[in-house]
Amino acid sequence: MTASAAGPLERGTRTSRTTVRIVVAVALVWTLVPLGWMFLSSVKPTAAVTSATPDVWFAPTLDNYRQLFTGANNLWPYLNNSLVAAGTSALLATALGALGGYGLSRTRMRGKHHLSFWIISTRMAPAAVVVLPLFLIFRYAGLIDTLPGLVLAYLSFDLPFAIWLLHAFFAQVPPALEESAQVAGCTPWQAFRHVILPLTRPGLVTTFVLCLVFSWNDYAFALVLSGPHTQTLPLAAGQLVTQTGIDWGQLTAIGTVVVVPMMLVGLAVRRWLVTGLTMGAVTGE
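Residues numbered from 1 in each chain as written. Predicted model: local features only at pLDDT ≥ 70, side-chain atom pairs only at ≥ 80, totals over all residues. Heavy atoms only, no water.

S.K.: Looking at this structure, I do not really get unusual backbone geometry. What am I missing?
M.R.: Most peptide bonds are trans, and most residues other than glycine sit at a negative phi. In this model, Asp145 sits at a positive phi of 60°, which is unusual for a non-glycine residue. When you line up the elements, Asp145 lands in the loop between helix H6 (127–141) and helix H7 (147–171). (Helix = DSSP H or I, 4+ residues; strand = E, 2+ residues; numbered from the N terminus.)

S.K.: Could you clarify how one ought to interpret helix H5 (residues 112–124) in this entry?
M.R.: Along an α-helix, residues three or four apart share an orientation, since each turn contains 3.6 residues. Compared with an ideal rise of 1.5 Å per residue, which puts 13 residues at 18 Å, H5 spans 19 Å between its outermost C-alpha atoms and is within 8% of the ideal. Looking only at H5, the buried set comprises Lys112, Ser116, Ile119 and Ile120. Here the buried residues of H5 occupy an arc of 85° about the axis, which is enough to place them on one side. Turned more than 90 degrees away from the buried face of H5, the exposed residues are His114, Phe117, Trp118 and Met124. Against the buried residues of H5 lie helix H4 (76–106) and H7. (Expected span 1.5 Å × (residues − 1). Buried < 20%, exposed > 50% of the residue type's maximum accessible area, 1.4 Å probe, protein only. Arc of directions from axis to C-beta. Contact = heavy atoms within 4.5 Å.)

S.K.: I tried to follow the pattern of salt bridges on my own but got confused; where do I start?
M.R.: Side chains that differ in sign of charge can pair as their charged atoms come close. Going through the model one piece at a time under the given rule, you end up with two salt bridges. The partner of Arg66 in a salt bridge is Asp63, and the shortest N-O contact between them spans 2.4 Å. Highlighted residues: Arg66 and Asp63, both in helix H3 (residues 63–70), separated by three residues, approximately one helical turn. Judged by relative accessible area, Arg66 falls into the partly exposed class, the value being 46%. The class for Asp63 is partly exposed, based on a relative accessible area of 37%. For Glu178, the salt bridge identified is with Arg106, shortest N-O distance 2.7 Å. In this pair, Glu178 sits in helix H8 (residues 175–183) while Arg106 sits in helix H4, placing the two residues 72 residues apart along the sequence. Exposure remark for Glu178: the relative accessible area of 5% places this residue in the buried category. In this structure Arg106 comes out as partly exposed when scored by relative accessible area, which is 22%. (Salt bridge = Lys/Arg side-chain N within 4 Å of Asp/Glu carboxyl O.)

S.K.: How should H7 be read in this particular structure?
M.R.: Compared with an ideal rise of 1.5 Å per residue, which puts 25 residues at 36 Å, H7 spans 34 Å between its outermost C-alpha atoms and is within 8% of the ideal. When the local axis directions of H7 are compared, the greatest deviation, roughly 35°, occurs at Ser156, which is followed within four positions by the proline Pro160. Across the 25 residues that make up H7, a large majority, 19, are buried. N-capping of H7 is provided by Thr146, with a side-chain oxygen placed 3.2 Å from the backbone N of Gly149. (Bend = angle between axes of the 7 residues up to and from the residue. Polar contact = N/O pair within 3.5 Å; in protein donor to acceptor, adjacent residues only side chain to side chain.)

S.K.: Help me out: how do you make sense of the packing of H4 against helix H9 (residues 188–199) in this one?
M.R.: Helix-helix packing: each pair is described by the crossing angle between the helix axes and the interaxial distance. Direction vectors running N to C along H4 and H9 enclose 105°, while the axes themselves pass 13 Å from each other. Classified by the interaxial angle, the pair formed by H4 and H9 is roughly perpendicular. Contact residues: H4 offers Ala98, Leu99, Tyr102 and Arg106, while H9 offers Trp189, Phe192 and Ile196. Residues belonging to the contact of H4 with H9 are distributed by class as follows: six nonpolar, no polar and one charged. (Axes fitted to C-alpha atoms, helices over the stretch in contact; angles between N-to-C directions. Parallel < 35°, antiparallel > 145°, perpendicular 65-115°, else oblique. Nonpolar A, V, L, I, M, F, W, Y, C, P; charged D, E, K, R; others polar.)

S.K.: Looking at this structure, I do not really get the environment of Leu75. What am I missing?
M.R.: Residue position: Leu75 is located in the loop between H3 and H4. Judged by relative accessible area, which is 2%, Leu75 ranks as buried. Along the sequence, Leu75 and Val257 sit 182 residues apart, while their C-alpha atoms lie 9.9 Å from each other.

S.K.: Would you mind going over the packing of aromatic side chains with me for this structure?
M.R.: Here the distance between the centres and the angle between the planes together describe a pair of aromatic rings. Using the criterion set out here, one finds eight aromatic pairs in the structure. When the ring of Phe161 is compared with that of Phe214, the centres are 5.4 Å apart and the planes differ by 75°; the resulting orientation is edge-to-face. Placement of the pair is Phe161 in helix H7 and Phe214 in helix H10 (residues 201–216), with a sequence separation of 53 residues. On the accessibility criterion, Phe161 (12% relative accessible area) is buried. By relative accessible area, Phe214 is classed as partly exposed at 32%. By way of ring pairs, the aromatic residues Tyr102, Phe170, Trp189 and Phe192 are connected into one cluster. (Phe/Tyr/Trp six-rings, centres within 6.5 Å; stacked < 30°, edge-to-face > 60°.)

S.K.: Even after reading the chapter, I still don't get the confidence of the model for the chain, so can you show me in this structure?
M.R.: The predicted coordinates of low-pLDDT regions are not to be read in fine detail. Chain-level statistics for the chain give a pLDDT mean of 83 and a share of 89% at 70 or above. When mean pLDDT is taken per element in the chain, H4 scores highest with 93 and helix H14 (residues 270–277) scores lowest with 67. Below a pLDDT of 50 lies the segment residues 1–5, which in the model reaches zero contacts outside its immediate sequence neighbourhood of four places, other chains included. The model gives residues 280–285 a pLDDT under 50, and that stretch makes 16 contacts with residues more than four places away or in other chains. (pLDDT = per-residue confidence, 0-100.)

What follows is the structure, given as structure tokens:
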């Protein structure tokens, strides 16, 4: 009986593993082929990029990147604006989200779950609904075409997500740990800094990376709230599409410039990112 029962179980396990491998392979092809083709197109000569038939064999060139950073487009200001706005908003969202998520996880109150849902529901609103009120407020406050204005705009979407995500991480840490630290002589703030934060480091890294990606890829807020001095990389890519034509070589080059930094960040913190995403924090509790 044991042998007969083990046979279907083993076959089911092998079938499941094969199915998972096929799904993973399809997902990798779906993701990596367009990225690889974009990178190849970014190092192609203009004639190869605009060729009617795909040209795989060609002499690589960096002319598209050279024109981006040294030509009339001058991508450096756009890159600097994206780094400052996205990085600052992600840092602030993670820091403030840690305080808000910790307070929410340790507070005992009626309707706390409803409050948690209300916080994340503000992140669910489409950007088109939020951008007009923000534009009116920022114009009155003089924040249009300023980096602090972009940071606040990104923070308005990143902070609810950070609070919701980190609240679930802090809720998994037993309160007895910080109580023991306070008995040993730590203040509540010291217990939070030296006990709670190190235990939730994967959650903090995950939150920072996701907020950074959200802000880095934003187009709607930057389009409405930025100006000549604060435009970001997604807007620079849009400017290559004109009525006279599309510069496909530079467009794929700037696409590579936008994608590669976030890929490098994800690879650098992949251990923390995978741990954070597999700790059940994405359920929002």
